[in-house]
Amino acid sequence: MPDLLIELFSEEIPARMQARAADDLKKLVTNGLVDAGLTYASAAAFSTPRRLTLTIEGMLDASPSLVEERKGPKADAPEKAIEGFLRGAGLTRDQLEERDTPKGKILFAMINKPGRPAAEIVAEVLETTIRNFPWPKSMRWGSGSLRWVRPLHSILCILSAEDGAQTVPLTIDGITAGDTTRGHRFLAPDTITVSSFDDYSAKLKRAFVVLDPAERRDTIWNDATNMAFANGLEVVEDAGLLAEVAGLVEYPVVLMGQIGDDFLGLPPEVLQTSMKEHQKFFSVRNPKTGRIERFVTVANRTTADDGATILAGNEKVLSARLSDAKFFWENDLRIAQSEAGMQTWVDRLSNVTFHNKLGTQAELISRMEALAGELAPMVGADAEEARAAARFAKADLSSEMVYEFPELQGLMGSYYAKAAGKSEAIAAAAQDHYAPLGPSDDVPTAPVSIAVALAEKIDKLTGFWAIDEKPTGSKDPFALRRAALGVIRILVENDVSMKLHDTILEHLSQAPAPAAGSAEETAENLLSFLHDRLKVYLKDQGVRHDIIDACISSSDGAPAGATDGNDDLTLLVKRAKALSETLKTDDGENLIQGFKRANNILSQAEDADGVEYSFGADIKFAETEEERALFAALDTAEAQIKPAMEAQDFGTAMSAMASLRGPIDAFFDAVQVNADNATVRRNRLNLLSRIRTICSSVADLTKIDG
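- Under an unreviewed UniProt entry, the name given to the chain is Glycine--tRNA ligase beta subunit, and the organism recorded is Sulfitobacter sp. TCYB15.
- Under the UniProt heading Subcellular location (unreviewed entry), the note attached to the chain is "Cytoplasm".
- Reading the Subunit (unreviewed entry) entry of the UniProt record for the chain gives the comment "Tetramer of two alpha and two beta subunits."

## Focus: the overall build of the chain
So, point 1. Looking only at helices and strands, the chain features 25 helices and 18 strands.
So, point 2. Projecting the C-alpha coordinates of the chain onto the three principal axes gives extents of approximately 100 × 100 × 50 Å.
So, point 3. Taking the contacts inside the chain whose residues are at least 6 apart along the sequence as the reference set, 67% of them involve residues at least 24 apart.
So, point 4. Surface summary for the chain: the accessible area is close to 32,900 Å², and the carbon and sulfur share equals 48%.
So, point 5. Considering the chain, the positive charge centre built from 76 side chains and the negative charge centre built from 106 side chains are found 4 Å apart.

## As for the side chain of Lys394
So, point 1. Topologically, Lys394 is positioned in the loop between α11 (383-392) and α12 (400-404).
So, point 2. Within the structure, the side chain of Lys394 is placed 3.5 Å from the side chain of Glu456, a separation counted as a polar contact.
So, point 3. In this structure, Lys394 is in contact with Leu349, Gln361, Leu364, Ile365, Met368, His433, Tyr434 and Glu456, ignoring residues within four places of it in sequence.

## Topic: the sheet that holds strand β6 (residues 104-113)
So, point 1. Strand order in the open sheet made by the three strands is β4-β6-β5, with antiparallel pairing throughout. Edge strands, defined here as strands with exactly one partner in the open sheet, are β4 (66-74) and β5 (97-101). Averaged over all neighbouring strand pairs, the angle between strand axes comes to 35°, with direction disregarded.
So, point 2. Strand direction decides the pairing type here: β4 and β6, joined by seven bridges, are antiparallel. Across the sheet, residue Leu66 finds its bridge partner in β6, namely Lys113.

## Topic: the pairing of strand β16 (residues 292-299)
So, point 1. Counting buried residues along β16, seven of its eight residues qualify, which places the element largely inside the surrounding structure.
So, point 2. In this structure, strand β14 (residues 253-258) lies alongside β16, joined through six bridges in antiparallel fashion. Pairing of Gly257 across the sheet is with Phe295, part of β16.
So, point 3. The pairing of strand β15 (residues 282-285) with β16 spans four bridges and is antiparallel. From the neighbouring strand, Val284 faces β16, where its bridge partner is Arg294.
So, point 4. Two successive antiparallel strands, β15 and β16, enclose a turn made up of six residues, where Gly290 displays a positive phi of approximately 80°.

## Considering the packing of helix α22 (residues 625-646) against helix α23 (residues 650-658)
So, point 1. Taken N-terminus to C-terminus, the directions of α22 and α23 make an angle of 160°; their axes are 8 Å apart at the nearest point. Relative to α23, the element α22 lies roughly antiparallel. The handedness of the crossing between α22 and α23 comes out as left-handed. Across from Ala637, Gln640, Ile641, Ala644 and Met645 in α22, the residues of α23 making contact are Phe650, Thr652, Ala653, Ala656 and Met657.
So, point 2. Grouping the constituent residues of the contact of α22 with α23 by class yields eight nonpolar, two polar and no charged.

## With respect to the UniProt feature "domain: DALR anticodon binding" (unreviewed entry) in the chain
So, point 1. Mapped onto the present numbering, the UniProt feature "domain: DALR anticodon binding" (unreviewed entry) falls on residues 592-704.
So, point 2. Its end C-alpha atoms 8 Å apart, residues 592-704 is made of 69% helix and 0% strand.

## Considerations on the sheet that holds strand β8 (residues 164-167)
So, point 1. In spatial order, the strands read β2-β3-β1-β7-β8; together these five strands make up an open sheet with antiparallel pairing. Of all the strands in the sheet, the pair left with one neighbour each is β2 (42-48) and β8. The mean angle between the axes of side-by-side strands here comes to 15°, regardless of whether they run parallel or antiparallel.
So, point 2. Pairing of strand β1 (residues 3-10) with strand β7 (residues 152-161) involves eight bridges; the strand directions are antiparallel. Bridged to Leu4 within β7 is Leu159.

## Some points on helix α17 (residues 500-508)
So, point 1. All buried positions along α17 are accounted for by Leu500, His501, Thr503, Ile504, His507 and Leu508. Projected down its long axis, α17 shows its buried positions confined to an angular sector of 165°, all on one face.
So, point 2. Here the buried face of α17 lies against α10 (361-379), α15 (447-466), α16 (480-493), α18 (519-539) and α20 (569-583).

## Regarding the pattern of salt bridges
So, point 1. Counted according to the given criterion, the structure contains 41 salt bridges.
So, point 2. Note that Lys203 and Asp199 form a salt bridge whose closest N and O atoms lie 3.3 Å from each other. With Lys203 and Asp199 both in helix α4 (residues 197-206) and four residues apart, the pair spans about one turn of that helix.
So, point 3. The class of Lys203 is partly exposed, set by a relative accessible area of 25%.
So, point 4. Asp199 sits in the buried class, given a relative accessible area of 19%.

## What about the nonpolar core?
So, point 1. Formed by 104 residues in total, the largest nonpolar core has its most connected members in Leu454, Leu461, Leu500 and Leu579.
So, point 2. At twelve residues, α15 tops the list of elements feeding residues into this core.
So, point 3. Apart from residues no more than four positions distant in its own chain, Leu454 is found in contact with Leu375, Val379, Val487, Ile490, Leu491 and Met498.
So, point 4. Core analysis: the second largest hydrophobic core is formed by 39 residues, Val253, Leu266, Trp329 and Val402 among them.

Reading the values: rules and limits
Residues numbered from 1 in each chain as written. Predicted model: local features only at pLDDT ≥ 70, side-chain atom pairs only at ≥ 80, totals over all residues. Heavy atoms only, no water. UniProt positions renumbered as here; feature names shortened; annotations may be inferred. Helix = DSSP H or I, 4+ residues; strand = E, 2+ residues; numbered from the N terminus. Contact = heavy atoms within 4.5 Å. Areas by Shrake-Rupley, 256 points an atom, 1.4 Å probe, with all protein chains shown as cover. Lys, Arg positive; Asp, Glu negative; His and termini not counted. Charge placed at Lys NZ, Arg CZ, Asp CG, Glu CD. Polar contact = N/O pair within 3.5 Å; in protein donor to acceptor, adjacent residues only side chain to side chain. Pairing = 2+ DSSP bridges. Axes fitted to C-alpha atoms, helices over the stretch in contact; angles between N-to-C directions. Buried < 20%, exposed > 50% of the residue type's maximum accessible area, 1.4 Å probe, protein only. Parallel < 35°, antiparallel > 145°, perpendicular 65-115°, else oblique. Left-handed = near helix turned anticlockwise from the far one by under 90°. Nonpolar A, V, L, I, M, F, W, Y, C, P; charged D, E, K, R; others polar. Arc of directions from axis to C-beta. Salt bridge = Lys/Arg side-chain N within 4 Å of Asp/Glu carboxyl O. Core = buried A, V, L, I, M, F, W, Y, C linked by side-chain atoms within 4.5 Å.

Structure representation (structure tokens):
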């Protein structure tokens, strides 16, 4: 069974495209081979800046011969129909089989499809793959029609077996497949002939090409960290930058350079961002001071002077870049420490549009300021300090540093707030109010930061709901799902209890654009969206959707969020988790069956009788001990559940509800609800109504699956 080796050698492939391209090459080729009948044992793909490589081991040397059965017309069909079938099958009349079927005698063709050699199939599959490769961007060059990410220079395609290697015959736009490649562009540019993947990878390594991107990443990180450690320093981790740099070099050579003394006073985040964005440098930090003092760069070659010339050039370019950053920093500090201070930047935001229907950034800040003041008492923050924090939270958007490096927004606001003499709480809110940006980010925990972060997200949600700009399908251009998840996480993880329905309704009245529908409808719609995001949040924590629905659903059918604390997401999560734990017990699981049996009997009786059995159950009409025991159990459970729910002790409430399992089971085992005596029947139906009412005060168990 031969092994297949493919290499597509080109000019430099952008680092961001390499991993996806290697996966696409593997997927397209292997799928094509399998579809053609060539199975294999294993496959692996690799990428460097100049090549995509695929190795397939244990492949069949030919596709298997097949016999295809093809059903034709009836035996007595018109001659033209039979002739057409024969042409399609490539057979003569005497080669057809005539079979008896329920529909009469039918003609069948047995078509032999001989196997094809692997080389022929590989050539077809590879040509199709190359011509239809899904590059995000591609180009044409010369006079050919082939499109590739960068000009394609050569194709290596060989089948190797114990008796030697065979070049697959393939020519695409004048590029003929062969058994040669090239090493490092500068260190070993000569042609290399290979006979197998092992031979290929070994010769490339000797030619200063590290084929595996994971090996390049490991080399860079190990050499960088060892170099830093030897100097009492540490490399700032950055997985994204590491992957990108590994895609820029075929033979990584790690070098450590100096940062000029004039720039060591810059905030470490400014140094790190500037070096990463402009130079692709790793930052090297002094663990004792937290300052960024050096940088690591990765060259693509060795030099006679051990990289001294490369480092000198990089340090010169870096000095120019950091001079700009230093200018921005010092100029911004002058404004922050001036008499007008950060208000200068806030005023400039009146000329910056947030959204054409929602006003300017300055108007957004004004709404945030008012809302943060209202939210402050609910989260334990000082209202005046929360308003001041909201007023200056986005001021740095007008600063020169954030204009150059937008990813530093918030962080630079924190630095400038401290420089302007603002409190630590206000400075922290500037940095934290955007958080959390992702599901794994930390949420703000300081009261003022919580108030401002909630104000920012609630204003965004209510504003876009008011103008009917909601997420649709996979489209969410304003990151409203992220904002909703942020509200949920901030409230829940800080154990903040808040009536969101009232807050949303009140803030809708301050929206710069009138709501698309009524304010009440818009508030309910937005709360429903938050509930949907809550389901996603809790699903990741092992709480089922139906359990959340049971807690969200109001017992009296009122709009979700208007009653029963369904707009208090923190309490809702506590109820859902308590119910989830209860349903994991035998009593909880069996209670659901008993409750649903009671609810079904009651609902059918109410539909048939045209009345509602909602009160009047009296123990004096009980005829059995099981009935009387159920009356007593319901009295006990109700006495426990009501105060427990008021005290938000959901565990106790759920346990009290689960304790009804035994009495309910015993009741149904011993009692016929639809008794002949009308009074007894009515009393028993009213007893079932008590079961429904008491259980529904905890959660709507009709929503539970099973």
